[in-house]
Structure formats: C-alpha cells, structure tokens
Amino acid sequence: MGRMRARDTEHPQAKLDHGGVATIAPSEFTSGFELIVDGTPQSHVDLDDPTHLHFEYIVRMGAVIDQLPAGPLTAVHLGAGALTVPRYIDATRPGSRQQVIEWEAPLAALVREHLPLPKGASIRLRIGDARAGVQKLPAALIGACDLVVSDVYSGAQTPAHLTSVEFYREVSQLLSPGGVLLINVADGPGLAFARRQVATVAAVLPEVAVLADTQVLKGRRFGNLVVAASASPLPTEWLPRLLAAGPHPAKIAQGAEVKTFVQGAHIVTDADAVASPRPDASLFLR
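What you are looking at is a predicted structure, and each value in this text was computed from that prediction instead of being measured. Sequence order sets the numbering: in each chain, residues are counted from 1 along the sequence as written. Reporting of local features is limited, given that this is a predicted model, to residues whose pLDDT is at least 70; pairs of side-chain atoms are given and counted only at 80 or more, and all residues count toward the totals for whole chains, interfaces and linings. The side-chain figures draw on all heavy atoms in the structure; neither hydrogens nor water molecules are used.

**Side note on the overall build of the protein**
- Here a strand is any run of E in DSSP of at least two residues, a helix any run of H or I of at least four, and the numbering for each starts at the N terminus. Tallying secondary structure elements over the protein gives nine helices and twelve strands in all.
- To get the radius of gyration, use the C-alpha atoms; to get the globule rule, take the number of residues to the power 0.38 and multiply by 2.2 Å. Computed over its C-alpha atoms, the radius of gyration of the protein comes to 18 Å, within 12% of the 19 Å expected for a compact globule of 286 residues.
- Dimensions of the protein along its principal axes, counting C-alpha atoms only, are 50 × 45 × 40 Å.
- Residues classed as buried in the protein amount to 52% of the 286 residues present. Using a 1.4 Å probe on the protein chains alone, a residue whose accessible area is under 20% of its type maximum counts as buried, one over 50% counts as exposed, and one in between counts as partly exposed.

**Section: the packing of helix α1 (residues 56–67) against helix α2 (residues 84–92)**
- α2 packs onto α1 with a crossing angle of 35 degrees between their chain directions and a minimal axis gap of 11 Å. Crossing geometry of α1 relative to α2 is assigned as right-handed. Contacts between α1 and α2 involve Ile 58, Gly 62, Ile 65 and Asp 66 from the former and Thr 84, Val 85, Tyr 88 and Ile 89 from the latter.
- A per-class count over the contact of α1 with α2 returns five nonpolar, two polar and one charged. Here an axis means a line fitted to C-alpha atoms, over the contact stretch when the element is a helix, while the angle between two N-to-C directions is reported on a 0 to 180 degree scale. By convention the crossing between two helices is left-handed if the near helix lies anticlockwise of the far one by an angle smaller than a right angle, and right-handed if it lies clockwise. Here a residue-residue contact requires only that any non-hydrogen atoms of the pair lie within 4.5 Å. Note that Gly is not counted as nonpolar here; it falls among the polar residues with everything else outside the nonpolar set of Ala, Val, Leu, Ile, Met, Phe, Trp, Tyr, Cys and Pro and the charged set of Asp, Glu, Lys and Arg.

**Some words on the pairing of strand β10 (residues 207–212)**
- When you tally the buried positions in β10, you get five out of six residues, the bulk of the element.
- Direction of pairing for β10 relative to strand β11 (residues 223–230): antiparallel, over a ladder of five bridges. Residue pairing for β11: Leu 211 is matched across the bridge by Val 226.
- Two strands pair when backbone bridges link them, and β10 and strand β12 (residues 251–254) are joined in this way by four bridges, in the antiparallel orientation. Looking across to β12, one finds that Ala 209 is bridged to Gln 254. Should DSSP find at least two bridges between two strands, the strands are regarded as paired.

Written as structure tokens, this is what we have:
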C-alpha cells in the first residue's frame, strides 16, 4: 500500500473524478517518483531504470513475471497507476504488446504528461471501468494473453464488482492455456477478505499461489498479498528461494498451504461482493 504524505502543491496534481487528488512527487526514500492519491502512495516509477521496482508487492509481481517463458508477452493490466508493471515488462521483454484499462482519465493524463512512457513502447491505455473494459477488448485477445494483472483501487479499496467469481470468469477468458493472472489483494489481521478472494479465484483457475510478507500471510498485520493463478501449473520452481532472499523477504504458499489458507472461506459472488477493507490511516505514517 504505502504511507501517508502531506500534499505538496508544488508538485504536479490532478483532481480525480471521484473527488480525490493525485500528485506526482519525487520519492523520499529512493530514486524516481511516486504517484500519490489522497496522500497515499499508489505507484513508484524510476524513469531512468524501469526495472527498479520499489514497492514490495510489485517486486513480487515482477518475480512471477520473470518466471514466464522467455520472449515478448501479451498482457492486459486492470488499473494503471503510474504504469510501473507495463514499463517493467517493456524494459525486460522488448516487443511485448500491452493493454491497460484505467478508470480515472485525469490520473492517466497526469501520468502521461509528467511520467511519459518510453518511445516505441507498445502500451495502449484505455479509459473506463475495468470490468466493462475487459468486455470491450479486441476479440483477438481472448485466449491469447500470457498475463493479466488486476491491481484496481478506488482510493484505498478495490471496488466490490472486481472481486467476484463472475468477474474472475470474465478475466480468465483472456488467458492463454499457460497464461497467468496476478491480483493485488490488500487485507488486515485475520485475512477474511483475502481468504475469500483466493477461494474465489481458485474456483475459476485451479493452480493458485499466494506471495506475501510472512507476517501478512499469517494474518498478523495489514498488507498486500499477490495472488497468482492459472489453468496450468504455475512456473514457481525458483520463487521460494528468490522471495526468501529479498530485498524484501517473503513467502509463497502453494498446494496444501493454499487449501489450508482458504478452508471455510466462501466464494464471492456479484450478489454478496464487498470492497476490500479500508486500512487505518496510521498504517502509512513513518
């Protein structure tokens, strides 16, 4: 998630359609810039080095992406932020074709102007609701995507309609037989929301792994969990060693651990879906 910061009107800003404010400011802790929405950092981008992934959960997404077969990828991203992952894929897998769906047009315009994409990058940015946007993507993408990333937040919460089994069925239609779905799930102690999300995804795509900080995965504190899912066995042979090595040590739950993780959790449907938990503001203070 990130940390709370004071708004700085000296930095580029845009008022969002939902009434919040997006700001682009230099990172206080490393090189590059952060996209901050209503005081909460949403993305980090290093224009000089797109392979520099600063946020921990993005590092874990990158680790999974690196395990996919070599060569260019066909990818769809739900939620743009500052386009960190599309930039990473463009840098590490030249020739990749990517589509991005972002709800907030003012945010997309702010990022395009102040954090421009590399010249020649095949990254198309579409404006609209992620779920409706999936249905409007070119028919040629159905069954052809190596990767779909779902990382959609309205403020600090994932909208309810992007958490249901119906939604994941729609998204799964984009995947090739070996394609991988990556989802950013934020949750707090007890992980009730995350457990339901993993159970819901597993009802659609049987091969599931969960990557997170050990304390987060144990449900001891609020944080981000990366859920990886596919219809085929996931390419995770080297991930446990990579994640344990850091720079942000983490754990990957697979197989029996995932079954234990979701035990007793009910599948989310459109009829009972709720937004992800809102973190306490103190989480982001440093």
